[in-house]
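Chain by chain, the residues run as shown.
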Amino acid sequence: MKKRHQQKLVIVSIVLLIGLNLPIVLLFDSSQNVLGFPAIYIYFFSIWLFSILVSLLIVKRYNE
């Protein structure tokens, strides 16, 4: 894997770290429900799914 692709994965990791930082997570800690689930669960799993899909896209597209 080339260095620029590794840099893209590092950027994804930094975005994930910022997205799971406590002050941002507390924005979604409310009593509201989305489709019967608490909003914080939807937030966690959507951030997690986003990071997996972007990482998979980077690795599959640029795997040389």
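Overview of the structure. Computed from a predicted model, the values in this text were never measured in an experiment.

Here we look at the overall build of the chain
- The number of helices and strands found in the chain is three helices and two strands.
- Counting helices and strands in the order they occur from the N terminus, the chain gives α-α-β-β-α.
- A compact globule built from 64 residues would reach a C-alpha radius of gyration of about 11 Å, whereas the chain, at 15 Å, exceeds it by more than 25%.
- Viewed in the frame of its principal axes, the chain has a C-alpha envelope of about 45 × 25 × 5 Å.
- Looking at the chain residue by residue over its 64 residues, the buried ones come to 16%.
- A separation of at least 24 residues holds for 56% of the contacts in the chain among residues at least 6 apart in sequence.
- Entry remark: accessible area of the chain is about 5,200 Å², with carbon and sulfur atoms responsible for 70%.

Some remarks on the packing of helix α1 (residues 3–19) against helix α3 (residues 39–62)
- Running from amino to carboxyl end, α1 crosses α3 at an angle of 180°, the nearest separation of the two axes being 10 Å. The angle between the axes of α1 and α3 places the two elements in the roughly antiparallel class. Of α3, the residues touching α1 (which contributes His5, Lys8, Leu9, Val12, Leu16 and Gly19) are Tyr43, Ile47, Ser51, Val54, Ser55, Ile58, Val59 and Tyr62.
- Its residues assigned to classes, the contact of α1 with α3 shows nine nonpolar, four polar and one charged.

Rules used in this analysis
- Residues numbered from 1 in each chain as written.
- Predicted model: local features only at pLDDT ≥ 70, side-chain atom pairs only at ≥ 80, totals over all residues.
- Heavy atoms only, no water.
- Helix = DSSP H or I, 4+ residues; strand = E, 2+ residues; numbered from the N terminus.
- Rg over C-alpha atoms; globule rule 2.2 N^0.38 Å.
- Buried < 20%, exposed > 50% of the residue type's maximum accessible area, 1.4 Å probe, protein only.
- Contact = heavy atoms within 4.5 Å.
- Areas by Shrake-Rupley, 256 points an atom, 1.4 Å probe, with all protein chains shown as cover.
- Axes fitted to C-alpha atoms, helices over the stretch in contact; angles between N-to-C directions.
- Parallel < 35°, antiparallel > 145°, perpendicular 65-115°, else oblique.
- Nonpolar A, V, L, I, M, F, W, Y, C, P; charged D, E, K, R; others polar.

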